[in-house]
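# Results of the structural survey
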Amino acid sequence: DKIGPADGSADFTLPTADGTVGQFIKTDGSKALSFATVTSAGFKQQLVKTASDATYSPSADVTKIVIEAVGGGGGSSNTGGSKGVTGAGGGGYARVSLAVTSATVINIQIGAAGAAGVGSEGVGQDGGNTTVTYVSGGSSFTPAISANGGEKGTIAAGAQAPTDGGTATGPTGGLYIQGENGAGWGANDNNQWGGGSMMGFGGRPLTTGDPRALSGTGYGAGASGGNEASGEGDPGTIGIVIINEYK
């Protein structure tokens, strides 16, 4: 069947069957009409990953993802003697926009929290690196996204420089921010603050001169160093990956 002006100057061919609820009629530019489904572009959903996922794939209608990654915060140390102790560094941050298809498979590894130093002279551990790596299918990206963990708190005689916050690397065009450094140590200094991250606050003494090591809050936070006679260090906080999906 056809429809158009009475003079037949622009006859359109009608669909042979009815469409479904919510569909609209479109033309192919050659006077053939058919039913089609309305599609919308824009934000779809946000996924929060605090555990590793080796086989993440976007939904069928997703064409772009924006990934934010934070490395694990460093663990702190404690000294009960005359040595100095530093705060631990915060995790690095990466933000990257990627073109994807439903066939894209991505491996996500969440950076572990740096472990606390055990005992009065126990040394903490570095925070783990958070990585996002292309595996297969769809659009590839290189190099892998890496938000590195913060450096552990240290113990040594004499003044000490701040510990390093984690760095971040990835594909060209991404945003990469180093985590905050953990505070260094000087004589009679009992406030070795932990370094923060873009998603976490480093450990802070409860009061000026408080000798206890304290964990930070949020994600990728470094712990503060301790100077208690019989205390121990505190752990950092874990990394995180946030994925914003767009149609």
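For the structure itself, consult the block above.
So, a few notes on the structure that sits alongside this text. Please read these numbers as outputs of a predicted model, since none were measured by experiment.

With that settled, the discussion passes to the overall build of the protein chain. When helices and strands are tallied, the protein chain shows 0 helices and 18 strands. Whereas a compact globule of 247 residues would reach a radius of gyration of roughly 18 Å, the protein chain reaches 27 Å, over 25% beyond that. Oriented by its inertia axes, the alpha-carbon framework of the protein chain measures out at about 100 × 35 × 25 Å. The 247 residues of the protein chain split such that 41% are buried. Taking contacts inside the protein chain between residues at least 6 apart in sequence as the whole, the part at least 24 apart equals 63%. Summing over all exposed atoms, the protein chain offers an accessible surface of approximately 11600 Å²; the carbon and sulfur share of this is 53%. Distance from the positive charge centre (12 side chains) to the negative charge centre (19 side chains) of the protein chain: 6 Å.

Spatially, β6-β10-β11-β12-β14 is the arrangement adopted by the 5 strands of the open sheet, whose pairing is antiparallel. The sheet is open, and its two edges are formed by β6 (53–56) and β14 (168–169), each paired on a single side. Of the strand pairs in this sheet, strand β12 (residues 145–147) and β14 are connected by 2 bridges, and their pairing is antiparallel. By the bridge assignment, Ala-147 is partnered in β14 with Ala-168.

Inspection of the sheet shows strand β3 (residues 24–27) paired to strand β4 (residues 33–36) by 4 bridges, in the antiparallel sense. For Lys-26, the partnering residue across the bridge sits in β4 and is Ser-34. If you look at the hairpin formed by β3 and β4, you'll find 5 residues sitting between the two strands, and Gly-29 has a positive phi there, around 90 degrees.

With that settled, the discussion passes to the nonpolar core. Formed by 19 residues in total, the largest nonpolar core has its most connected members in Ile-65, Ile-67, Leu-98, Ile-108, Val-132, Ile-145 and Val-241. Those residues within four positions of Val-241 in sequence are excluded, and the remaining contacts are Leu-47, Val-48, Lys-49, Ile-67, Glu-68, Ala-69, Ile-108, Ile-110, Thr-130 and Val-132.

Read across the sheet, 5 strands follow the order β5-β18-β7-β9-β15 without closing on themselves; strand pairing throughout is antiparallel. At either margin of the open sheet sits one strand with a lone partner, and together these are β5 (43–49) and β15 (175–177). Averaged over all neighbouring strand pairs, the angle between strand axes comes to 15 degrees, with direction disregarded. As paired strands, strand β7 (residues 64–70) and strand β9 (residues 93–99) are joined by 7 bridges and run antiparallel to one another. Bridge pairing links Ala-69 to Ala-94 in β9.

Per the stated rule, a full pass over the model turns up 3 salt bridges. Ionic pairing is found between Asp-53 and Lys-49, a salt bridge with its closest N-O pair at 2.8 Å. A salt bridge links Glu-180 to Arg-204; the shortest N-O distance between them is 3.9 Å. Separated by 24 residues along the polypeptide, Glu-180 in the loop between β15 and β16 (199–201) and Arg-204 in the loop between β16 and β17 (217–219) bring together distant segments of the chain. Owing to a relative accessible area of 40%, Glu-180 belongs among the partly exposed residues under this scheme.

So, how was this worked out
Residues numbered from 1 in each chain as written. Predicted model: local features only at pLDDT ≥ 70, side-chain atom pairs only at ≥ 80, totals over all residues. Heavy atoms only, no water. Helix = DSSP H or I, 4+ residues; strand = E, 2+ residues; numbered from the N terminus. Rg over C-alpha atoms; globule rule 2.2 N^0.38 Å. Buried < 20%, exposed > 50% of the residue type's maximum accessible area, 1.4 Å probe, protein only. Contact = heavy atoms within 4.5 Å. Areas by Shrake-Rupley, 256 points an atom, 1.4 Å probe, with all protein chains shown as cover. Lys, Arg positive; Asp, Glu negative; His and termini not counted. Charge placed at Lys NZ, Arg CZ, Asp CG, Glu CD. Pairing = 2+ DSSP bridges. Core = buried A, V, L, I, M, F, W, Y, C linked by side-chain atoms within 4.5 Å. Axes fitted to C-alpha atoms, helices over the stretch in contact; angles between N-to-C directions. Salt bridge = Lys/Arg side-chain N within 4 Å of Asp/Glu carboxyl O.

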